[in-house]
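# Working through the structure, step by step
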Amino acid sequence: CETCSKEEAKYRCPRCMKYSCSLLCVKKHKLALSCNGVRDKTAFVSVNEFTDLNLLSDYRFLEDVGRTADAAARHCIVHSPATKRLLYCLRNKARGCNIELKTLPVGFTKRRENSTTFNSVENKFYWHLKLIFPHCHAEYTLKGVPDDKTLADILKPYIDPVESDPVVCQRLKIYTASPQSDVRILMKIENRSRNSVRYNELDASRSLLDNLKGKVIIEYPTLFVVLKTLKNDMVVLGQDGSEPAENSDNESSSLSSVEEGEIRDSS
């Protein structure tokens, strides 16, 4: 058992492949790693490891995709004039701020979660925002984040040694114990193929709006907070020596990979 290291393992988590000996250890490992125990249907499988079971799984997934897409197309909210006007307004206002905002059909997880609004009186976005801390396997969802708030202020309740919540501070102690200069804020570049994932590094001293300008956003921004001193597999565009940093957000590849991941999530 990889949780208690005492008993013989009887179970293996379909999500993270951790071995457990009992229901108690299963619950502990889920809590410690924020693991939901559901097999990741989008996990990459190399050609050498691809089996008939993987083929069957993909075939069933495609059938689920068809059912989900059909159900979403039939949903009454999709054809609601009010919903269409709201989404059109959000996309139009975002375009005016040099942000390409893309929305997904009803039934997609991110579409259901998104609470982003635009205040016409203040001429300001209030974003739905997700923060992911990979080194601690933690993520937090924020609602109503004003677009003129700096990223440093957004992160203060989480990684600031003084201002952060004690419970959150304990969970993110790797971050709170590190110098602020080691903290990097990354955002995934959309419209890239799944085998060429890249990230943009954002400026913590600038506002959320300034950081989002020139970017493609699928429903709402998702920010990854990492530390320079700890190893991670995220390749920042312009720092891998093979691709330039500029004009990286306007690539013409399709949105299919993003939609595929969302459909799998919602299935």
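Within any chain, residue numbers begin from 1 and follow the written order of that chain's sequence. At least 70 in pLDDT is required for a residue's local features to be given in this predicted model, at least 80 for side-chain atom pairs to be given and counted, and no such filter applies to totals for whole chains, interfaces and linings, which use all residues. For the side-chain quantities, the full set of heavy atoms in the structure was used; hydrogens and water were omitted.

## Observations regarding helix H5 (residues 151-159)
For clarity, the cut-off: Burial classes: relative accessible area under 20% of the type maximum marks a residue as buried, over 50% as exposed, and values in between as partly exposed (1.4 Å probe, protein chains only). Under the scheme used here, helices are H or I runs from DSSP no shorter than 4 residues and strands are E runs no shorter than 2 residues, and both carry numbers assigned from the N terminus. Along the arc lie the directions from the helix axis toward the C-beta atoms.
Three or more residues of H5 are buried, namely Leu 151, Ile 154, Leu 155, Tyr 158 and Ile 159. Projected down its long axis, H5 carries its buried residues within an arc of 110 degrees, all on one side.

## Some words on the packing of aromatic side chains
Defined as follows: Working definition: rings of Phe, Tyr and Trp (its six-membered ring) pair if their centres are within 6.5 Å, and the pair is stacked with planes under 30 degrees apart, edge-to-face with planes over 60 apart, and tilted otherwise. Two thresholds decide whether a charge sits over a ring: the Lys NZ or Arg CZ must be within 6 Å of the ring centre and within 35 degrees of the ring normal.
Taken as a whole and judged by the stated rule, the model has seven aromatic pairs. Between Phe 118 and Phe 125 the ring centres are 4.9 Å apart and the planes differ by 65 degrees, which places this aromatic pair in the edge-to-face class. Overall, the relative accessible area of 0% leaves Phe 125 in the buried class. When the centroid spacing of 5.1 Å and the interplanar angle of 80 degrees are considered together, the rings of Phe 133 and Tyr 175 count as edge-to-face. Note that Phe 133 is positioned in strand S5 (residues 124-133) and Tyr 175 in helix H7 (residues 173-176), a separation of 42 residues in sequence. Here Phe 133 and Tyr 175 have matching classes, each one buried. The positively charged end of Lys 110 is found above the aromatic ring belonging to Tyr 220, 4.8 Å away from the centroid.

## Considering helix H1 (residues 23-33)
Quick reminder of the rule: Residue contacts follow a heavy-atom distance rule, with two residues in contact if any of their heavy atoms lie within 4.5 Å.
Every buried residue of H1 is accounted for by Cys 25, Val 26 and His 29. The arc that holds the buried residues of H1, viewed along the axis, is 105 degrees, so those residues lie on one side. What points out from H1, more than 90 degrees from its buried face, is the exposed set Leu 23, Leu 24, Lys 27 and Leu 31. Considering only its buried residues, H1 is in contact with strand S1 (11-12) and strand S2 (19-20).

## Observations concerning the pairing of strand S6 (residues 138-146)
Our working definition: Any two strands are treated as partners once DSSP identifies two or more bridges connecting them.
With seven bridges joining them, S5 and S6 adopt antiparallel strand pairing. If you follow Ile 132 over to S6, its bridge partner there is Glu 139. Two successive antiparallel strands, S5 and S6, enclose a turn made up of four residues, where His 137 displays a positive phi of approximately 50 degrees.

## Considerations on the pattern of salt bridges
Rules: By salt bridge we mean one thing: a side-chain nitrogen of Lys or Arg within 4 Å of a carboxyl oxygen of Asp or Glu.
Overall, the coordinates contain twelve salt bridges when judged by the stated rule. A salt bridge links Arg 67 to Asp 64, with the shortest nitrogen-to-oxygen separation between them at 2.1 Å. Placement of both Arg 67 and Asp 64 in helix H2 (residues 52-74) is noted, with a separation of three residues, approximately one turn of the helix. Its relative accessible area of 18% is what places Asp 64 among the buried residues. When salt bridges that share partners are traced, they join Lys 41, Asp 64 and Arg 67 into one network.

## Looking at the nonpolar core
Here is the rule: To form a nonpolar core, buried Ala, Val, Leu, Ile, Met, Phe, Trp, Tyr and Cys residues must be joined to one another through side-chain atoms within 4.5 Å.
Counting residues in hydrophobic clusters, the biggest one holds 34 residues, and the most contacted among them are Leu 131, Phe 133, Tyr 158 and Leu 172. At the level of secondary structure, the elements contributing two or more residues to this core comprise helix H3 (81-96), S5, S6, H5, strand S7 (183-188), helix H8 (208-212) and strand S10 (222-227). Once residues lying within four places of it in the same chain are set aside, the contact partners of Phe 133 are Ala 138, Tyr 140, Leu 155, Tyr 158, Ile 159, Leu 172, Tyr 175 and Val 225.

## Some thoughts on the UniProt feature "domain: HIT-type" (unreviewed entry) in the chain
Applicable threshold: UniProt positions are given in the numbering used here, feature names are shortened, and annotations may be inferred rather than shown by experiment.
In the UniProt entry, the feature "domain: HIT-type" (unreviewed entry) is given for residues 1-35. For residues 1-35, the helix share is 31%, the strand share is 11%, and the end-to-end C-alpha distance is 16 Å.

## Describing the state of the cysteines
Which entries qualify depends on this criterion: Disulfides are defined in this document as cysteine sulfur pairs within 2.5 Å.
Taken as a whole and assessed by the stated rule, the structure comprises zero disulfides. Its sulfur unpaired, Cys 13 is 3.6 Å from the next cysteine sulfur, which belongs to Cys 35. Here Cys 16 is not disulfide-linked; the sulfur of Cys 13 is the nearest cysteine sulfur, at 3.7 Å.

## Some remarks on the pairing of S5
Along S5, nine of the ten residues are buried, which leaves the element largely enclosed by surrounding structure. The antiparallel pairing of strand S4 (residues 117-119) with S5 creates a hairpin that spans four residues between the two strands, and Asn 123 there sits at a positive phi of about 55 degrees.

## Here we look at unusual backbone geometry
Unusually for a residue other than glycine, Ser 5 sits at a positive phi of about 60 degrees. Structurally, Ser 5 is set in the segment before S1. We classify Ser 5 as exposed; its relative accessible area is 62%. The phi dihedral of Glu 219 falls on the positive side, at around 70 degrees, and the residue is not glycine.

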